[in-house]
Amino acid sequence: MTEKKIPLAGVDVVQLLGFNDANLQMLEERFDANLTVRGDQLMIQGSQFEIGKIEKVVSELIYMLNKNGTLNPNDIDTVIDLVAVNGFTPDLPSETKPEESDTAILYTKTGIIKPRTQGQKLYIQQIRKNDIVFAIGPAGTGKTYLAVAMAVAALKNRDVTRIILARPAVEAGESLGFLPGDFREKIDPYLRPLYDALDDMLSAEKMRGYIEKRIVEIVPLAYMRGRTLHNAFVILDEAQNATAMQMKMFLTRLGTNSRAIITGDVTQIDLPTKTTSGLVQIQEILKKIQGVTFCYFDKNDVVRHRLVKDIIDAYERYHTNGMGDGKISGGN
């Protein structure tokens, strides 16, 4: 008798297990093994031979679930028959093979979301260990995208019951008053990057349902005032544009069984010159608080177009050479 753990992080566990764990019971009936779910892991007890077959079934079901968004009893029967009766090994894409599942954050219909650089791996480790994580670094390092993936995974794993995504609505070269439309239409461009991240991770139908039921909220930072958020995964994006008072307000919204990720780039502050950035100040205020951690990214963590890293390098050289006074100069 041996035991095997299959990570289910980022998998829609409710769909995978079925109503009242019907799919899990079906697996136990067809294989000589005991199966239980603890948190985001499926525990299998049995012989190595039986465990191997169940691993193949579960891997294929996860692939089908992420591709189609649902499973039905016929899917379960078909996969079990192929593995248990015919000894068929499903031809799984490399993203879903068990040996890579430890690094998985979220399975989607287009593949798997996982950390790609050493800095990103450390970031995910800290999110799993701490209730409040600050991610500070340049554009393109995956700070926000991975945070949203962790939030969606926590929702699917039933670790939280809702996701709150917030951004400061700070004017960067264009006044809200001159933009067309009502307030919601004016504010939407500030929140669009958060919608874009969710679009990659949830089907349009599921995201629409989550938003209608307020399971997922995407709001301007100012809308957080006066709220207490229990059982929630809360993300503050572009936090360099939160004032010191707004940062305090945001951090004190957390209720029981909630966690927060705060992301930002302190080189891209759009606040008025004499206004202190809450993200800059908070690094000194919370540096010794247990359960709070700061993750710093650099150009080596950039995962966008290869030129993004070169652009960051160019700006660093520009400022290092004393040219960062906002004036246009030639000769460099």
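Each chain carries its own residue numbering, running from 1 in the written order of its sequence. At least 70 in pLDDT is required for a residue's local features to be given in this predicted model, at least 80 for side-chain atom pairs to be given and counted, and no such filter applies to totals for whole chains, interfaces and linings, which use all residues. To obtain the side-chain values, all non-hydrogen atoms of the structure were included, while hydrogens and water were left out.

Colleague: What is the right way to read the overall build of the chain from this model?
Modeller: Only DSSP runs of H or I covering at least 4 residues are called helices, and only runs of E covering at least 2 are called strands; the numbering of each starts at the N terminus. Helix and strand content of the chain: 11 helices and 11 strands. Think of it in three bands: residues with accessible area under 20% of the maximum for their type are buried, residues over 50% are exposed, and the middle band is partly exposed, with areas taken using a 1.4 Å probe on protein chains only. In the chain, which comprises 332 residues, the share counted as buried stands at 48%. Each accessible area value is a Shrake-Rupley result obtained with a 1.4 Å probe; residue values ignore everything except the protein chains displayed when judging cover. Working note: accessible area of the chain is about 17800 Å², and carbon and sulfur atoms make up 49% of it.

Colleague: What's the story with helix H6 (residues 143–156) in this structure? I'm lost.
Modeller: Since there are 3.6 residues in each turn of an α-helix, residues three or four apart along the chain are aligned in direction. Between its terminal C-alpha atoms H6 stretches 20 Å, which fits the 20 Å expected from 14 residues at 1.5 Å a residue. The buried fraction of H6 is high, at 13 of 14 residues. Expected helix span is taken as 1.5 Å per residue step, with the number of steps being one fewer than the number of residues.

Colleague: Just to check I follow, could you spell out unusual backbone geometry for this structure?
Modeller: Comment: phi is negative for the bulk of residues other than glycine, and the bulk of peptide bonds are trans. Unusually for a residue other than glycine, Asp21 sits at a positive phi of about 60°. Within the secondary structure, Asp21 is located in the loop between helix H1 (13–17) and helix H2 (22–30). Phi angles above zero are rare outside glycine, and Asn231 is one such case at about 50°. Look at Asn231 and you get partly exposed, because its relative accessible area is 30%.

Colleague: Before we go on, may I ask you to explain the packing of aromatic side chains in this structure?
Modeller: A ring pair, where both rings are aromatic, is described by two values, the distance of the centres and the angle of the planes. Ring pairs shown here join Phe, Tyr and Trp side chains whose ring centres sit within 6.5 Å, with only the six-membered ring taken for Trp; geometry is labelled stacked below 30 degrees between planes, edge-to-face above 60, and tilted in between. Counted under the stated rule, the structure contains 3 aromatic pairs. Relative to Tyr296, the ring of Phe294 has its centre 6.5 Å away and its plane inclined at 15°; by these criteria the two rings are stacked. Here Phe294 falls in the buried class, since its relative accessible area comes to 17%. Grouping aromatic residues by their ring pairs yields a cluster made of Phe134, Phe294 and Tyr296.

Colleague: Can you walk me through the pairing of strand E8 (residues 216–220) in this structure?
Modeller: Two faces, one strand: in a regular strand the side chains alternate between the faces of the sheet. In terms of burial, E8 is a largely internal element, 5 of the 5 residues being buried. With 5 bridges connecting them, strand E7 (residues 162–167) and E8 associate as parallel partners. Opposite Ile164, over in E8, you have Glu217 as the bridge partner. One requirement defines pairing of two strands: DSSP has to find at least two bridges between them.

Colleague: Please explain the pattern of salt bridges as it appears in this structure.
Modeller: Side chains carrying opposite charge are able to pair once their charged atoms draw close together. Any Lys or Arg side-chain nitrogen found within 4 Å of a carboxyl oxygen on Asp or Glu counts as a salt bridge. In total, this model carries 9 salt bridges according to the counting rule given. Among the salt bridges present, the one from Lys206 reaches Asp12, with a minimum N-O distance of 3.0 Å. Of this pair, Lys206 sits in helix H8 (residues 204–212) while Asp12 sits in the loop between strand E1 (2–7) and H1; the two residues are 194 residues apart in sequence, bridging distant segments of the chain. The exposure class assigned to Lys206 is partly exposed, which follows from its relative accessible area of 26%. Through salt bridges with shared partners, a single network forms among Arg162, Arg214, Glu217 and Arg227.

Colleague: Hey, could you run me through the packing of helix H5 (residues 118–129) against H6 in this one?
Modeller: Helices that pack against each other are described as a pair by the angle of their axes relative to one another and the distance between those axes. Simply put, an axis is a line fit to the C-alpha atoms, just over the touching stretch for a helix, and the angle between two N-to-C directions goes from 0 to 180 degrees. Remark: H5 packs on H6, axes separated minimally by 11 Å, with the N-to-C direction vectors making an angle of 40°. Viewed along their axes, H5 and H6 adopt a mutual orientation that is oblique. Crossing of H5 against H6: the hand is right-handed. Of the residues in H6, those touching H5 at Gln120, Tyr123, Ile124, Ile127 and Arg128 are Lys143, Leu146, Ala147 and Met150. In this classification, the charged set is Asp, Glu, Lys and Arg, the nonpolar set is Ala, Val, Leu, Ile, Met, Phe, Trp, Tyr, Cys and Pro, and all remaining amino acids, among them Gly, are polar. By residue class, the composition of the contact of H5 with H6 is 6 nonpolar, 1 polar and 2 charged. When describing relative orientation, an angle under 35 degrees is termed roughly parallel and one over 145 degrees roughly antiparallel, while 65 to 115 degrees is termed roughly perpendicular and anything else oblique. In this scheme, a crossing is called left-handed if the near helix is turned counterclockwise away from the far one by less than a right angle; it is called right-handed if the turn is clockwise. Contacts are residue-level and defined by heavy atoms, with any inter-residue pair within 4.5 Å sufficient.

Colleague: Just to check I follow, could you spell out H5 for this structure?
Modeller: The end-to-end C-alpha distance of H5 is 17 Å, a good match for the 16 Å that 12 residues give at a rise of 1.5 Å each. Where H5 is buried, its residues meet strand E6 (132–136), H6, strand E9 (232–236), strand E10 (259–264) and strand E11 (292–296).

Colleague: Sorry if this is basic, but what is going on with the sheet that holds E11 here?
Modeller: Adjacent strands of a sheet pair through backbone hydrogen bonds, lying either parallel or antiparallel. With respect to topology, 6 strands assemble into an open sheet ordered E8-E7-E9-E10-E6-E11, the strand pairing being parallel. The open sheet terminates on both sides in strands that have one partner only, identified here as E8 and E11. Within the sheet, the average angular offset between the axes of one strand and its neighbour, ignoring direction, is 15°. In terms of strand pairing, E6 meets E11 through 5 bridges, oriented parallel. In the strand pairing of E11, Ile132 is matched with Val292.

Colleague: Would you mind going over the environment of Lys143 with me for this structure?
Modeller: When you line up the elements, Lys143 lands in helix H6. With 158 residues separating them in the primary sequence, Lys143 and Asp301 have C-alpha atoms 9.6 Å apart. Each residue touching Lys143, except ones within four places of it in the same chain, is listed here: Tyr123, Ala135, Ile136, Gly137, Pro138, Thr263, Gly264 and Phe297.

Colleague: Is there a simple way to think about the confidence of the model for the chain in this case?
Modeller: Caution applies to low-pLDDT regions: their predicted coordinates should not be interpreted in detail. Confidence scores labelled pLDDT are given residue by residue by the predictor and lie between 0 and 100. Scored by pLDDT, the chain has a mean of 82; 83% of the residues are at 70 or more. Low pLDDT, under 50, characterises residues 172–176; the stretch is placed with 8 contacts to residues that sit more than four places away or in other chains. The low-confidence segment residues 325–332 (pLDDT under 50) makes 4 contacts with residues lying over four places distant or belonging to another chain.

Colleague: Please clarify how a nonpolar patch on the surface should be interpreted in this entry.
Modeller: Patch rule: a residue counts if its relative accessible area is over 30% and it has no salt bridge; like charges are joined within 9 Å, and nonpolar side chains (Val, Leu, Ile, Met, Phe, Trp, Tyr) within 5 Å. Together, Val266, Ile269 and Val280 make up an exposed nonpolar region whose accessible area comes to about 190 Å². Assignment of secondary structure puts Ile269 in the loop between E10 and helix H10 (278–285).

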